[in-house]
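Architecture at a glance
Take a look at the letters that make up each chain.
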Amino acid sequence: MNQMTTTPAWRRRHSLLRRERRLYGLLPVLFVIMIIAAVKGYPIVVTFVKSFTNWDGVHSKFIGLWNYIRLFQGHSFWIMLRNSMMLLLHIPLLLFFGFVLAVMLYERIPGWKFYRSVIYLPQVISIVIIGYVFRALFSFDGSVNRILSVIGLKALAIEWLGNGLSGLFVIILCIVYQSLGWEVLLIFGGIASIPESVMEAAELDGAGHWTRLWRIIVPLLGQVVRYSVIVSVMWVFTGLFPFIYIITRGGPGYETTTLDYSIYQQAFSSGSMLGAASATAVVLLVIVLLLTRVQMTVADKLQNWEG
Amino acid sequence: MVVYFNMIIDYHINAIKEAYMNRSRVLVFCLALLALAFSSVMLFARGNAEPKGAVTVKIRITNNVQLFPEELAKPQGDWYITKALARYTQAHPDVTFDVTFVKGSDTATTFKAAAVANNAPDINTLWMGNYLFGVKDLVRPLDKDLTNADYDSVTGWDFVRDGFDPKGTVLAYPTGSANYSMFFYNKDIIAKAGLDFEKAPPRTTQEFDAALAKIKAAGFIPIAADESQSADFIYHIVNLWWGQSVGIPEIAKYNTGGKKFVDDKALLTALTYYQSLYKNGFVNTDVASSSDHKSKFYQGKVGIIIDGTWSLADLETNMKDKLGAIKVPNISSSPVVKDPLMGGPGDCIVISKNSARPDIALDVIRWLNSKSEVLQWLKVQSAFPIRTDISPEDLGVADDPVQSKMLGWTRGPIVWWPDNVLNSNPMGELAKLSPVLLTGKMTPMEVAAQMDAKLEDALR
């Protein structure tokens, strides 16, 4: 027998042992995987199937691609997609202010412990309350317009929530206000994880504060920024329902309606168009998956380029 | 497969051996087992707490029928419905109730979801018309259970028959009150504007425009509305103009297909006039996003608001003798229904198909609709009940100028709720687009086209 092609017995036993261990590792979590597949996977499959029907919660008849055709033919779909894209503008604002505040906390400015609590407070308050506060502040007779009138900027005292663009602006402000604590925490964690030795070495080499900030801290926060952007983009498409519902109800018309809000409206507000809502949900899933894929590809390429 | 199961068994045997070696883990495991056993016993015991022969009726109530906004601030034990059901239990000791509450706008959806899961309450309050027809396969038909006494005691049976067909299946029992919407006004502001709505209420759109111009010239907001949250103007005023122009049977024809909103001149006329009110400055500037129009009315800044008999108690408490009411002016000189009030019975109670004791459920419904109970209910809510044997003296409105006037109106021509007649999809689209229509960002024709698209989707 050729000694180059025969697998030694000890190696065969080792390989079998590894397979057994992998299986034993899988066994305890198999039950959990089954539950997750049932709870998360089953609704996705049902939603996909029902998107080809006129399901109203009780009756269901196959209607082919009608729901998808109507969705893309409708004027409102493109408005809703535009709205979601515009709400992505909150991400650079969040990153900028989050970075500034995180650096200030890292530098331990006087009162930093107090500021840390204050910055994180909106994160623990219900979005419903924050939404109502912003709705009241930006109402036509609200505090914002009153202040603008007092300081001589009455021309800017508009009906903030009665117009699509200004309504989206208010929603963006509310999102940034509510999410700032999370962003600061994330970036602060990223800065804190930079080894002290790196910063000391830079200092010894004569790097000043700004040089350390821009040449060391910012580049090393790449992974944190990548994670923040990916999660924020997903959240814009799937998690802004409370903001829209409380502040504008998606109005006026469809001017501040997003795709996930329209799913709720189609399914539960009027007519129980669950089939159409399912089609919108499937389209939303595809959009989120595509965007996430694009982001990860771009981030990987940037990382390789930097490397 | 045998090898697989052997692996699982071996794994668990090894796990038990390992646990046995570790005493603290064994102790925790035993305590967990004990807790599980104890809670199972408690659940089992609770499940068997009901004595034999006892019945628990699951009942879902909604706001403005069995539960009123003013009551929400009180403890549940003080609610009318809690006391009402306690009285029933007193008379029928074997019957207890499991009560849940849901908003009127959500009741059809939640009932549908529960019924599909075979978990619907025995008794559920719904809105009449298309909201009821959407769940007709999930409710028990009542034709065989009802008697002449039922039909004679309350009004509204036309609106609970399937498809509004006079011979259609009776799907629900009318309940609650007949509500009507209208304009309420501030008498002081109207007087300052040089008008007298009691003697000369505006009955045409030209007279209405002239009156609104005078209120505006006097320095007040002529009409305040909120089209962002509740689309009051659409549901209560535009719908009346549309309904009076064509009649409700014509609106019902949309549900079977073949008609288009873009061809409906009466609807387009109503929407055009509606739009002109904002253009002429007769409506509050922030109508597309306002949520405080009522507060402004109470503060004496607004001449007229849109509301209904369901808010009478609140309006009278806040406005006192400054409150007046007028019917909505006619949109044209020769409508199908002239000088109508919009409204009528709007609520009903259904018995779900999966109810274990429909006989008891029907008895409870009859009891809640009995004269004695309705009179108790009227102590909490100021309303016009649908019972046919309750007099103005019973209602206590003989000395109330606003309510006694309204009661007279209810005996006259009525346009029943078009939003309950028309399929909810196009109606919902109209309500959603109302702020952009009112402020001139869309034309009536564009809105009608969107409604046609939504109706086509619904009838697919």
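**Thoughts on the overall build of chain B**
A count of helical and extended segments in chain B gives 21 helices and ten strands. Buried residues in chain B amount to 51% of all 460 residues. Looking at chain B alone, contacts between residues at least 24 apart form 75% of all its contacts between residues at least 6 apart. Accessible area of chain B: about 20,900 Å², with a carbon and sulfur share of 57%.

**Description of the overall build of chain A**
Regarding its fold elements, chain A presents 14 helices and zero strands. For chain A, the succession of helices and strands along the chain, N to C, is α-α-α-α-α-α-α-α-α-α-α-α-α-α. Relative to the compact-globule value of 19 Å for 307 residues, chain A shows a C-alpha radius of gyration of 26 Å, a clear excess of over 25%. Reported as C-alpha extents along the three principal axes, the dimensions of chain A are approximately 95 × 70 × 35 Å. For chain A, with 307 residues in total, the buried portion stands at 41%. The long-range share in chain A, meaning contacts at least 24 apart out of those at least 6 apart in sequence, stands at 67%. On chain A, roughly 17,700 Å² of surface is accessible, and the fraction owed to carbon and sulfur atoms is 70%. With 24 positive and 14 negative side-chain charges, chain A shows a spacing of 12 Å between the two charge centroids.

**Things to note about the interface of chain B and chain A**
Contact residues are listed per partner, giving 36 residues for chain B and 35 residues for chain A. The set of elements that each furnish at least two residues to the side of chain B that touches chain A consists of α1 (2-21), α5 (107-116), α20 (424-438) and α21 (444-459) of chain B. When residues of the side of chain B that touches chain A are assigned to their parent elements, the largest contribution, eight residues, is made by α20 of chain B. For the side of chain B that touches chain A, the per-class residue count stands at 13 nonpolar, ten polar and 13 charged.

**Describing a nonpolar patch on the surface**
All names here are of chain A. A cluster of nonpolar residues, Tyr120, Leu121, Val124, Ile125, Val128, Ile129, Tyr132, Val133, Leu137 and Leu185, forms a patch on the protein surface that exposes about 860 Å² of accessible area. Broken down by secondary-structure element, the contributors of at least two residues to the nonpolar patch are α5 (112-124) and α6 (127-137). At five residues, the largest contribution of residues to the nonpolar patch is made by α6. As for its position among the elements, Val133 is in helix α6.

**Topic: the nonpolar core**
Ranked by size, the top nonpolar core spans 200 residues in total, and within it Phe233 and Trp241 of chain B carry the most contacts. For this core, the element with the highest residue contribution is helix α8 (residues 164-192) of chain A, accounting for eleven residues. Residues within four places of Phe233 of chain B in sequence aside, it is in contact with Ile223, Ala225, Glu227, Val238, Trp241, Tyr274, Leu277, Val283 and Ile306 of chain B.

**A word on the environment of Arg70 of chain A**
Within the secondary structure layout, Arg70 of chain A lies in helix α2 (residues 66-73). Spatially, the C-alpha atoms of Arg70 of chain A and Ala279 of chain A are 9.9 Å apart, while their sequence positions differ by 209 residues. Contact partners of Arg70 of chain A, with chain neighbours within four places excluded, come to Ala453, Glu456 and Asp457 of chain B.

**Considerations on the pattern of salt bridges**
Residues and elements named next belong to chain B. Following the criterion strictly, the structure yields 18 salt bridges over all chains and no others. Ionic pairing is found between Lys405 and Glu198, a salt bridge with its closest N-O pair at 3.4 Å. In this pair, Lys405 is assigned in helix α18 (residues 401-410) and Glu198 in the loop between α8 (187-192) and α9 (205-217), connecting sequence segments 207 residues apart. Lys405 gets classed as partly exposed once you look at its relative accessible area, which sits at 24%. Here Asp339 makes a salt bridge to Arg203, at a shortest N to O gap of 3.0 Å. Of this pair, Asp339 sits in the loop between β7 (323-326) and β8 (341-351) while Arg203 sits in the loop between α8 and α9; the two residues are 136 residues apart in sequence, bridging distant segments of the chain. Given a relative accessible area of 28%, Asp339 falls into the partly exposed group.

**Some details on unusual backbone geometry**
With omega at 0°, the peptide bond leading from Gly251 of chain A into Pro252 of chain A counts as cis. Its location among the elements puts Pro252 of chain A in the loop between α12 (241-247) and α13 (259-269). You will see that Asn118 of chain B, though not glycine, has its phi angle at about 60°, which is positive. Positive phi values are uncommon outside glycine, yet Phe164 of chain B reaches one of about 60°.

**Some thoughts on empty space enclosed by the protein**
Where empty space is left in the structure can be found by rolling a water-sized probe over the atoms. Residues and elements named next belong to chain B. Overall, the coordinates contain one cavity of 30 Å³ or more when judged by the stated rule. The computed volume of the largest cavity comes to approximately 140 Å³. If you go around the largest cavity, you meet 14 residues; those closest to its centre are Thr175, Gly176, Leu368, Asn369 and Trp377. Elements supplying a minimum of two residues to the lining of the largest cavity: β4 (173-186) and α16 (371-380). When its residues are assigned to classes, the lining of the largest cavity shows nine nonpolar, four polar and one charged.

**A word on the packing of aromatic side chains**
Considering all chains together, one arrives at 37 aromatic pairs over all chains under this definition. Plain terms: the ring middles of Phe96 of chain A and Phe97 of chain A are 5.2 Å apart, the flat faces sit at 75° to each other, and that makes the pair edge-to-face. By relative accessible area, which is 38% here, Phe97 of chain A ends up partly exposed. With a centroid separation of 5.7 Å and an interplanar angle of 70°, the aromatic rings of Tyr88 of chain B and Phe97 of chain B are classed as edge-to-face. Note on Phe97 of chain B: relative accessible area 17%, which makes it buried. Through a chain of ring-to-ring contacts, three or more aromatic side chains come together here, namely Phe134, Phe138, Trp160, Phe169 and Tyr177 of chain A. Sitting over the face of the ring of Tyr245 of chain A, Arg249 of chain A holds its NZ or CZ atom 4.1 Å from the ring centroid. The ring of Tyr254 of chain A has Lys432 of chain B sitting right over it, with the charged end atom 4.9 Å from the ring centre.

**Some thoughts on the confidence of the model for chain B**
Residue and element names in this part refer to chain B. Considering every residue of chain B, the mean pLDDT works out to 87; 88% of them sit at 70 or more. Within the model, pLDDT remains below 50 along residues 46-50, and this stretch shows one contact once partners closer than five positions in the same chain are excluded. For this predicted complex, the interface score ipTM comes out at 0.81, alongside a pTM of 0.81.

**With respect to the side chain of Ser278 of chain A**
Take Ser278 of chain A: it is sitting in helix α14 (residues 274-306). Not counting the four nearest positions on each side in its chain, Ser278 of chain A is found in contact with Thr47, Lys50, Ser51 and Trp55 of chain A.

**Description of α9 of chain B**
All names here are of chain B. Taking 1.5 Å per residue as the helical rise, α9 with its 13 residues ought to reach 18 Å, and the 18 Å between its terminal C-alpha atoms agrees with that figure. Buried-residue contacts for α9 involve β4, α8, β5 (221-224), α12 (265-279) and β6 (302-308). Two residues or fewer past α9, Gly219 is found with a positive phi of approximately 95°.

**Points about the pairing of strand β3 (residues 123-127) of chain B**
Residues and elements named next belong to chain B. Of all five residues in β3, four are buried, a share of seventy percent or more. One ladder, built from two bridges, connects strand β1 (residues 55-62) with β3; its direction is parallel. The residue bridging Ile59 from the neighbouring strand is Ile123, located in β3. Where β3 lies against β8, five bridges are found, and the strand directions are antiparallel. Counted as the bridge partner of Ile123 is Ile351 from β8.

**Some words on the pairing of β4 of chain B**
Residues and elements named next belong to chain B. In terms of burial, β4 is largely enclosed, as 14 of its 14 residues are buried. Taken together, the seven bridges between β4 and β8 define a ladder with antiparallel strand orientation. Bridging from a neighbouring strand, Ser181 pairs with Met342 of β8. Bridging between β4 and strand β9 (residues 384-385) involves two bridges; their strand directions are antiparallel. Counted as the bridge partner of Ala178 is Phe384 from β9. In terms of strand pairing, β4 meets β6 through five bridges, oriented antiparallel.

Thresholds applied
Positions within a chain are numbered from 1, following the residues in the order the chain's sequence is written. All chains are assigned letters beginning at A, and all ligands numbers beginning at 1, according to the order in which they are written. Restriction of local features to residues with pLDDT of at least 70 applies here, the model being predicted, together with a cutoff of 80 or more for giving and counting side-chain atom pairs; totals for whole chains, interfaces and linings are based on all residues. Working from all heavy atoms in the structure, the side-chain values ignore hydrogens and water. By definition, any uninterrupted DSSP run of H or I lasting at least four residues is a helix, any uninterrupted run of E lasting at least two residues is a strand, and each is numbered from the N terminus. Only protein chains enter the accessibility calculation, which uses a 1.4 Å probe; a residue whose area is less than 20% of its type maximum is buried, one above 50% is exposed, and one in between is partly exposed. The contact definition used throughout considers only heavy atoms, calling two residues in contact when any of these lie within 4.5 Å. Using a 1.4 Å probe, accessible areas were evaluated by the Shrake-Rupley method; residue-level cover was limited to the displayed protein chains. For a compact globule the rule gives 2.2 Å times the number of residues to the power 0.38, and the radius of gyration it is set against comes from C-alpha atoms. Under this rule, positive means Lys or Arg and negative means Asp or Glu; His and the chain ends count for nothing. One atom stands in for each charge, and that atom is NZ of Lys, CZ of Arg, CG of Asp or CD of Glu. The classification used treats Ala, Val, Leu, Ile, Met, Phe, Trp, Tyr, Cys and Pro as nonpolar, Asp, Glu, Lys and Arg as charged, and all other residues, Gly among them, as polar. Only residues whose relative accessible area exceeds 30% and that form no salt bridge are eligible for patches; like-charged ones are grouped when within 9 Å, while nonpolar side chains (Val, Leu, Ile, Met, Phe, Trp, Tyr) are grouped when within 5 Å. In the sections that follow, a salt bridge refers to a side-chain nitrogen of Lys or Arg positioned within 4 Å of a carboxyl oxygen of Asp or Glu. Residue types Ala, Val, Leu, Ile, Met, Phe, Trp, Tyr and Cys, when buried and joined through side-chain atoms within 4.5 Å, form a set referred to as a nonpolar core. Lining residues are those with an atom within 4 Å of a point, where the points come from a 1 Å grid over the protein atoms alone and group into cavities, where a 1.4 Å probe fits but cannot get out, or pockets, open sets with protein on both sides within 12 Å along at least five of seven lines. Grid points are joined across faces, edges and corners, and a volume is the space filled by probe spheres set on the points. Any Phe, Tyr or Trp ring, taking Trp's six-membered ring, that has another such ring centre within 6.5 Å forms a pair; planes under 30 degrees apart are called stacked, those over 60 apart edge-to-face, and the others tilted. Charges are assigned to positions over rings by a cutoff of 6 Å between ring centre and Lys NZ or Arg CZ, combined with an angular limit of 35 degrees from the ring normal. pLDDT expresses, on a scale from 0 to 100, how confident the predictor is about each individual residue. A helix is expected to span 1.5 Å multiplied by its residue count minus one. Here, a strand pair is defined by DSSP locating no fewer than two bridges between the strands.

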